[in-house]
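Residue-level structure breakdown
Single-letter residue listing:
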Amino acid sequence: MPLTFPLTPTSTPSTPDTIATIHADPGFGVHFTDHMAVATWCIGEGWSGDAVVPYRPFELDPASAVLHYAQEVFEGLKAYRHADGSIWLFRPERNAQRMIASARRLALPALPVQDFLTSLEQLVRVDAAWVPDAGGGEASLYLRPFMFGNEAFLGVRAAHRVSYAVIASPVGPYFAGGVKPVNIWYTDEYSRAGKGGTGAAKCGGNYASSLLAQQEAADNGCSQVLFADAGSGVNTEELGGMNIGVITADGELITPALTGTILEGVTRDSILTVAADLGLRPVARTITLAEIFDRVDSGDIVEAFACGTAAVLTPVAEFRSKDGNHVVGSEPGERTMQLRSAVLDIQYGRAEDTHGWLRRVV
Ligand code: COI
């Protein structure tokens, strides 16, 4: 039976004034809407208890599996308000499929694509007033579906009881400076993911293991950390929280190929498609850090960007490392900004959705 996520409304809805105040300065991931979607999976029974309920803290048994063995996966996508007031999701089926793949890697149950979509659509419909107008910027409602082992049991095995939820947060740009170019710190000390590990899964553990390196990045004036592959230590993989791409002087857009240790970014994939539409030559291949740094220094790589749902495309100013800095440029690159606009224009309905990526909710 498909899940329907029926509504139990809050008795204390936020006032339009409260929502307007939050929309005026949303930040990123600090304010949450009035409701959340929930469902529970139990071994032998499958999914049940699907509902949209008032946003509230979880009550977790201290022995709950996620607190000990980090059996958790999550997703990130946004709801966009178009100029006519309608509300749309961008390629949500991709997130649904990726969550199934992530869940499989973490020995969590699959939530069927249709149930995932229904959970998002029900929550966005109920909290539609929280989806900001884009205005001149890029405000949206960030949706965070997640799933975790929620059985009180200290043995190490897949939990027999699993919680699924979706929360929603009105957001502006991920980086506080907006689309100002950011610095990237290359760490030769820490790895993000090894062969056969969880690198391709969107699981909290990958992000937890990036945090110390991310702190090192911040200490060196950088907004994100860049990881090499754990095996050879020479190939470019991804950033702490997003994918990476570079653009050459002769119009090639290169991003590391998916090797099983890199997150299959929906924005990454969309950029590869849009790049071809804009006359760039998109290439997903193994690219060493040495190639990036040398070609930045020689002026052959003229632009670099971080990309993800949260960051959209954010230009890179400099790659920094213990061995020196490689300066791309302090101004946003022209083609990076063209790509950024091309993606945002589709998301906000300002350009024709020629790839069929949008799904209307309201
Ligand atoms: C996203 O881009 O949606 C992510 O999940 C990454 C995180 C940096 C917010």
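Residues numbered from 1 in each chain as written. Predicted model: local features only at pLDDT ≥ 70, side-chain atom pairs only at ≥ 80, totals over all residues. Heavy atoms only, no water.

**Comments concerning the nonpolar core**
- Among the nonpolar cores identified, the biggest contains 38 residues, and W47, V73, F116, L143, M147 and Y164 are the most heavily contacted of them.
- The element that contributes the greatest number of residues to this core is helix α4 (residues 113-126), accounting for 5 residues.
- Leaving out residues up to four positions away in the same chain, V73 has contacts with M99, S102, A103, L106, L108, F146, M147, K202 and C203. (Core = buried A, V, L, I, M, F, W, Y, C linked by side-chain atoms within 4.5 Å. Buried < 20%, exposed > 50% of the residue type's maximum accessible area, 1.4 Å probe, protein only. Helix = DSSP H or I, 4+ residues; strand = E, 2+ residues; numbered from the N terminus. Contact = heavy atoms within 4.5 Å.)

**Quick look at a nonpolar patch on the surface**
- Together, F58, L60 and L67 give the surface a local cluster of nonpolar side chains, amounting to about 250 Å² of exposed area.
- Position of L67 among the secondary structure elements: in helix α2 (residues 65-69). (Patch = residues over 30% accessible without salt bridge, like charges linked within 9 Å, V, L, I, M, F, W, Y side chains within 5 Å. Areas by Shrake-Rupley, 256 points an atom, 1.4 Å probe, with all protein chains shown as cover. Salt bridge = Lys/Arg side-chain N within 4 Å of Asp/Glu carboxyl O.)

**Comments concerning the site of the ligand**
- Every residue lining the ligand is accounted for by F74, G76, Y142, R144, Y174, K202, G241, G308, T309 and A310.
- The contact in question runs from an oxygen atom of the ligand to an N or O atom on the side chain of Y142, over 2.6 Å.
- Across the complex, the protein chains shield 90% of the 280 Å² of accessible surface that the ligand would expose by itself.
- Per-class residue counts for the shell around the ligand are 4 nonpolar, 4 polar and 2 charged.
- Composition of the shell around the ligand by domain shows at least three residues from each of domain 1 (16-171) and domain 2 (182-347). (Near = heavy atom within 4 Å. Polar contact = N/O pair within 3.5 Å; in protein donor to acceptor, adjacent residues only side chain to side chain. Nonpolar A, V, L, I, M, F, W, Y, C, P; charged D, E, K, R; others polar. Domains from an automatic or database assignment.)

**Some points on unusual backbone geometry**
- The phi dihedral of F5 falls on the positive side, at around 50°, and the residue is not glycine.
- F5 sits in the buried class, given a relative accessible area of 0%.
- The phi angle at V312 is positive, at roughly 50°, despite the residue not being glycine.
- Position of V312 relative to the elements: it lies in strand β15 (residues 312-321).

**Looking at the domain arrangement of the chain**
- Looking at the chain, the domain boundaries give domain 1 (16-171) and domain 2 (182-347).
- Opposite the 20 residues of domain 1 that make contact, domain 2 presents 21 residues.
- The contact between domain 1 and domain 2 buries some 1,800 Å² in all, and 56% of this surface belongs to carbon and sulfur atoms.
- Together, F74, F90 and R98 form the three largest contributors to the area buried by domain 1 at its contact with domain 2, with a combined 32%.
- For the pair domain 1 and domain 2, the number of links is 3 salt bridges.
- When the shortest N-O distance is used, the salt bridge between D269 and R94 registers 3.7 Å.
- The interface formed by domain 1 and domain 2 holds 14 residue pairs in polar contact (both at pLDDT 80 or more) in total.
- Among the secondary structure elements, those contributing two or more residues to the side of domain 1 that touches domain 2 are β3 (72-74), β4 (77-81) and α3 (92-105).
- Per element, the largest residue contribution to the side of domain 1 that touches domain 2 is 5 residues, and it comes from α3.
- In the side of domain 1 that touches domain 2, the residues fall into 8 nonpolar, 4 polar and 8 charged. (Buried area = accessible area lost by both parts, 1.4 Å probe.)

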